[in-house]
Protein chains: 2
Amino acid sequence: MAYQIDITLTPHKKEKPASDKLGFGIHYTDHMFILDYSVDKGWHDARIVPYGPITLDPAAKVFHYGQTIFEGLKAYRTADGRIQLFRPQKNFQRLNLSNARLSIPDVDGELALEALKALVRVDQDWIPDAPGTSLYIRPFVIATQAALGVAPSTHYKFMIIMSPVGAYYAEGINPVKIFVESDHVRAVKGGVGEAKTAGNYAAGLNAQEAASKKGYSQILWLDGVHRSYIEEVGSMNVFFKINGEVHTPALNGSILAGITRDSMIQLIKSWGIPVIERPITIEEIYEAGRTGALEEAFGTGTAAVISPVGELNWRDERLTINGGKTGELSSKLYETLTGIQNGTLPDPFGWTVEVPQA
Amino acid sequence: MAYQIDITLTPHKKEKPASDKLGFGIHYTDHMFILDYSVDKGWHDARIVPYGPITLDPAAKVFHYGQTIFEGLKAYRTADGRIQLFRPQKNFQRLNLSNARLSIPDVDGELALEALKALVRVDQDWIPDAPGTSLYIRPFVIATQAALGVAPSTHYKFMIIMSPVGAYYAEGINPVKIFVESDHVRAVKGGVGEAKTAGNYAAGLNAQEAASKKGYSQILWLDGVHRSYIEEVGSMNVFFKINGEVHTPALNGSILAGITRDSMIQLIKSWGIPVIERPITIEEIYEAGRTGALEEAFGTGTAAVISPVGELNWRDERLTINGGKTGELSSKLYETLTGIQNGTLPDPFGWTVEVPQA
Ligand SMILES: Cc1ncc(COP(=O)(O)O)c(C=O)c1O
Ligand SMILES: Cc1ncc(COP(=O)(O)O)c(C=O)c1O
């Protein structure tokens, strides 16, 4: 099926930032995609328009009741000039899982993918090609009905905006120090933790600021019920290599099902290393650290791909992991996944989707 | 201290809706208040302007990371033509507690109150005077910085919008049927439940829709840890009259500290009835229901003042409370509090704040 997507090109292309000054999510491309929803018409009016401000009633539900979800993925420029997306269908599947949890109507995943390809094609000059750079893509849905009753909105906007982002590891992949949070929780079973929705991120800002003041770059989140089971690290899923096996928290309802997580699990298994998804306590990780069984720890997510954990601080007890250095498995996963993403390595899993250039 | 608040009046006053067609949060008055924040300038540019859409970058943090909080209070028109607010200082205190939890900078509560009074004065013709009607006031803060990094915003807007609202009980105060939710949770200790922030409301939409399909008008929320302790009912605090005493869940970090709740506690105590704030389990309420010790149950909040609970459904077991009728205490609380609010009864607690009319 072909979809009707209207395209209005900007008369004023913006100047592109230098590839060493990109940062993350600061600069936006020349265009954006918009799709409207109303109860009467369903999703309608698919269009690519010049990037610019949107106008909403101050009573729009997104401002008051947080009915909003988002996704994050990337487009990569290969050495031979092709453009690839990494597992975009997965993002639109997850988008609809998030939608369901937030009482937002389903978005047609095929339309979304076609719109995304069209938008990337229009703004293809924005995909940076310096090593480690990429085009970050942010699809999101916001509730736009102007009404203060607490109930699902009658109107929504699905949008895609894009931002060229710099190399996460400008000076090589680098382990981070992580603060294990004992007071605040990000999400709890029965809540919205498995949805990619705004409120989950708002809930973490306080703890993140406090950790940052203490010199820690991210939070390790524990579960909200026992304050013992490990959930995520910052906005990443987390893995532990213990005695030659890899362990990661099982998806339990309060953890986001990361697409990088899923890819890492497949890669690791393909190398003959067992991966066990199960509940993991912080006590157990500290014990494994003390006995020397804990070999590596790392977070995984679209932004950083991998973020090795060099040190944990839990209730003032510090645990150094792998001598504070990047582990072998972390390095291999990083090289392999980024190689597949930017096209320097073959793609045996069929993860990449090429964007045809007009 | 006097604050500089610029006022731009609208050239086109809207037509006002009929007092029996008001609904809740559907119509907005002619003006709104805006205050901007930037890291450089702090809060600045206090102004009253014609009510109208606001323009935001699609990357504004409120859309992605839910950094937003709000308040809700009312202005009442008394029989002798005065205008009163109900405990507005409390709302701005709570606004700043919410701000702190969401890493949003403090708003000057005195400026906020002065701005609110000025706005109510400008739009005073919008305060309906039919019995049970009032002007609902919605102060809120949204994060406006266009940046996709997960971190507190550098820019915010504090706004106040207002909406004339109809009588909650057009045909007399009426008990509701409540579904006790066993799967979803609204908030958990360590999360943002005690803040009035958007994400808490988004988290409840699914359960509310499901309950509504089963014929229940609201959810009774249980705690996220034990799934046993009673937290709130819909967007209200909850009270139980048991053996002549009144019990309400203690504020534990995941419950919003309702201003109506606080007022009810003071009223009930002033009548010589003991009020006990403590953890209360749903098991205990059912047990008290079976033995006949449970005399009344009711929710309290700004919108409805009181909402008597006529029936609970927990795991398919129905509990009828007070024969499904409004209890004596509920009626007396409703009459007393609405009487104080709309000026037909004296205000021994000094709760009302008059808005001087120009
Ligand atoms: C809370 C959270 N956990 C985990 C992840 C990792 O997901 P993905 O690998 O799909 O980027 C993300 C997104 O980056 C996230 O926001
Ligand atoms: C979640 C929640 N609980 C309780 C209340 C009651 O608070 P108040 O009495 O201040 O209106 C509200 C707001 O109305 C609320 O949103």
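Going by the annotation in an unreviewed UniProt entry, the name recorded for chain A is Branched-chain-amino-acid aminotransferase, with Paenibacillus methanolicus given as the source organism. One UniProt comment on chain A, placed under Sequence similarities (unreviewed entry), says "Belongs to the class-IV pyridoxal-phosphate-dependent aminotransferase family." Among the UniProt annotations of chain A, the heading Cofactor (unreviewed entry) holds the following wording: "pyridoxal 5'-phosphate".

## Things to note about the relation of the copies chain B and chain A
Two chain copies, one operation linking them: a rotation about an axis together with a shift along it. At an RMSD of 0.0 Å, chain B and chain A line up after a rotation of 180 degrees and a shift of 0.0 Å along the axis. Expressed as an axis order, the relation between the two copies is that of a two-fold axis. Of all interface residues in chain B, 100% are interface residues in chain A too; the two copies therefore contact each other through one and the same surface.

## A word on the UniProt feature "modified residue: N6-(pyridoxal phosphate)lysine" (unreviewed entry) in chain A
All names here are of chain A. Mapped onto the present numbering, the UniProt feature "modified residue: N6-(pyridoxal phosphate)lysine" (unreviewed entry) falls at Lys196. Positionally, Lys196 belongs in the loop between β10 (176–180) and α4 (198–202). Of the residues examined, Lys196 reaches a relative accessible area of 11% and is grouped as buried. Apart from residues lying up to four places away in sequence, Lys196 is in contact with Ile69, Phe70, Glu71, Gly72, Arg94, Ser98, Tyr201 and Leu256.

## A few points about the pairing of strand β15 (residues 275–278) of chain B
Strand direction decides the pairing type here: strand β14 (residues 245–249) of chain B and β15(B), joined by 4 bridges, are parallel. Each bridged residue has a counterpart across the sheet, and for B:His247 the counterpart in β15(B) is B:Ile276.

## Structural notes on the site of ligand 1
Residue and element names in this part refer to chain A. Taken together, 15 residues are adjacent to ligand 1, and Tyr201, Glu232, Ile259, Thr260 and Thr302 come closest. Measuring from an oxygen atom of ligand 1, one finds a side-chain N or O atom of Arg94 at 2.8 Å. Between an oxygen atom of ligand 1 and a side-chain N or O atom of Thr260, the distance comes to 2.5 Å. Against a free-state accessible area of 390 Å², the protein chains account for coverage of 94% of ligand 1. Contributions of two or more residues to the shell around ligand 1 are made by α6 (259–270) and β16 (294–301). Within the shell around ligand 1, the residues separate by chemical class into 4 nonpolar, 7 polar and 4 charged.

## Quick look at unusual backbone geometry
The backbone of B:Ser103 sits at a positive phi, close to 60 degrees, despite the residue not being glycine. With respect to the secondary-structure elements, B:Ser103 resides in the loop between α2 (88–101) and α3 (109–122).

## Things to note about the interface of chain B and chain A
Between chain B and chain A, the contact holds 59 residues from the first and 59 residues from the second. Between chain B and chain A the total buried area reaches about 4,700 Å² when both faces are included, carbon and sulfur atoms providing 62% of it. If you sort the residues of chain B by the area they bury against chain A, B:Pro58, B:Phe63 and B:Leu148 come out on top, with a joint share of 14%. If you look at where chain B meets chain A, you find 0 salt bridges. Where chain B packs against chain A, one counts 37 residue pairs in polar contact (both at pLDDT 80 or more). Secondary-structure elements contributing two or more residues to the side of chain B that touches chain A are β4 (54–56), α1 (61–65), β5 (68–70), α2, β8 (134–143), β9 (155–165), α4 (198–202) and α5 (205–213) of chain B. Looking at side-chain class alone, the side of chain B that touches chain A contains 35 nonpolar, 17 polar and 7 charged residues. As defined by bridge partners, strand β4 (residues 54–56) of chain A adjoins β4(B) across 3 bridges and the pair is classed as antiparallel. Across the sheet, residue A:Leu56 finds its bridge partner in β4(B), namely B:Ile54.

## Quick notes on a negative patch on the surface
Residues and elements named next belong to chain B. On the surface, a cluster of negative charge is contributed by Asp106, Asp108, Glu110 and Glu114. Mapped onto the elements of the fold, Asp108 is located in the loop between α2 and α3. Of the residues examined, Asp108 reaches a relative accessible area of 35% and is grouped as partly exposed.

## Here's the deal with the packing of aromatic side chains
Inspection of the entire model under this criterion finds 29 aromatic pairs over all chains. With centroids separated by 5.1 Å and ring planes inclined at 55 degrees, the aromatic side chains of B:Phe70 and B:Tyr201 adopt a geometry described as tilted. Here B:Phe70, found in strand β5, pairs with B:Tyr201, found in helix α4; they are 131 residues apart in sequence, far enough to count as distant. In terms of burial, B:Phe70 and B:Tyr201 fall into one category: buried. Within the aromatic cluster, the residues linked to one another by ring pairs are A:Phe63, A:Phe140, B:Phe63 and B:Phe140. One residue, A:Lys177, lies across the ring of A:Tyr216, its end atom 5.1 Å from the ring centre. The ring of A:Trp271 is capped by A:Lys332, whose NZ or CZ atom sits 4.1 Å from the centre of that ring.

## What about the site of ligand 2?
All names here are of chain B. In the vicinity of ligand 2 there are 15 residues, among which Tyr201, Glu232, Ile259, Thr260 and Thr302 approach most closely. Between Tyr201 and ligand 2, the recorded distance is 2.4 Å, taken from a side-chain N or O atom to an oxygen atom. Here ligand 2 loses 94% of its free accessible area of 380 Å² to cover by the protein chains. Partitioned by chemical class, the residues of the shell around ligand 2 number 4 nonpolar, 7 polar and 4 charged.

## Remarks on the domain arrangement of chain A
All names here are of chain A. Parsing chain A into structural domains produces domain 1 (6–165) and domain 2 (176–342). Inter-centroid distance (C-alpha atoms) of domain 1 to domain 2 is 27 Å. At the junction of the two partners, domain 1 supplies 23 residues and domain 2 supplies 21 residues. When the two sides are added together, the surface that domain 1 and domain 2 hide from each other amounts to roughly 1,800 Å², 58% of it contributed by carbon and sulfur. Considering only the side of domain 1, the residues that lose the most area to domain 2 are Phe70, Phe86 and Arg94, jointly responsible for 33% of the buried surface there.

## Section: the environment of A:His247
Residues and elements named next belong to chain A. The topology assignment puts His247 in strand β14 (residues 245–249). For His247, the contacting residues outside a window of four places in its chain are Val238, Phe239, Phe240, Ile242, Ile276, Arg278 and Ile280. In terms of polar contacts, His247 uses its side chain to reach the side chain of Arg278, at 3.0 Å.

## With respect to the packing of α6(A) against helix α8 (residues 328–342) of chain A
Residues and elements named next belong to chain A. In the contact formed by α6 and α8, the axes pass within 11 Å of each other and the chain directions differ by 115 degrees. Here α6 is positioned roughly perpendicular relative to α8, judged by the angle of their axes. With respect to the hand of their crossing, α6 and α8 are arranged in right-handed fashion. Contacts between α6 and α8 pair Thr260, Ser263, Met264, Leu267 and Ile268 from the former with Leu333, Thr336, Leu337 and Ile340 from the latter. Split into classes, the residues belonging to the contact of α6 with α8 amount to 6 nonpolar, 3 polar and no charged.

Thresholds applied
- Residues numbered from 1 in each chain as written.
- Chains lettered and ligands numbered in written order.
- Predicted model: local features only at pLDDT ≥ 70, side-chain atom pairs only at ≥ 80, totals over all residues.
- Heavy atoms only, no water.
- UniProt positions renumbered as here; feature names shortened; annotations may be inferred.
- Least-squares fit on C-alpha atoms with pLDDT ≥ 70 in both.
- Contact = heavy atoms within 4.5 Å.
- Helix = DSSP H or I, 4+ residues; strand = E, 2+ residues; numbered from the N terminus.
- Buried < 20%, exposed > 50% of the residue type's maximum accessible area, 1.4 Å probe, protein only.
- Pairing = 2+ DSSP bridges.
- Near = heavy atom within 4 Å.
- Polar contact = N/O pair within 3.5 Å; in protein donor to acceptor, adjacent residues only side chain to side chain.
- Areas by Shrake-Rupley, 256 points an atom, 1.4 Å probe, with all protein chains shown as cover.
- Nonpolar A, V, L, I, M, F, W, Y, C, P; charged D, E, K, R; others polar.
- Buried area = accessible area lost by both parts, 1.4 Å probe.
- Salt bridge = Lys/Arg side-chain N within 4 Å of Asp/Glu carboxyl O.
- Patch = residues over 30% accessible without salt bridge, like charges linked within 9 Å, V, L, I, M, F, W, Y side chains within 5 Å.
- Lys, Arg positive; Asp, Glu negative; His and termini not counted.
- Charge placed at Lys NZ, Arg CZ, Asp CG, Glu CD.
- Phe/Tyr/Trp six-rings, centres within 6.5 Å; stacked < 30°, edge-to-face > 60°.
- Lys NZ or Arg CZ within 6 Å of the ring centre and 35° of its normal.
- Domains from an automatic or database assignment.
- Axes fitted to C-alpha atoms, helices over the stretch in contact; angles between N-to-C directions.
- Parallel < 35°, antiparallel > 145°, perpendicular 65-115°, else oblique.
- Left-handed = near helix turned anticlockwise from the far one by under 90°.

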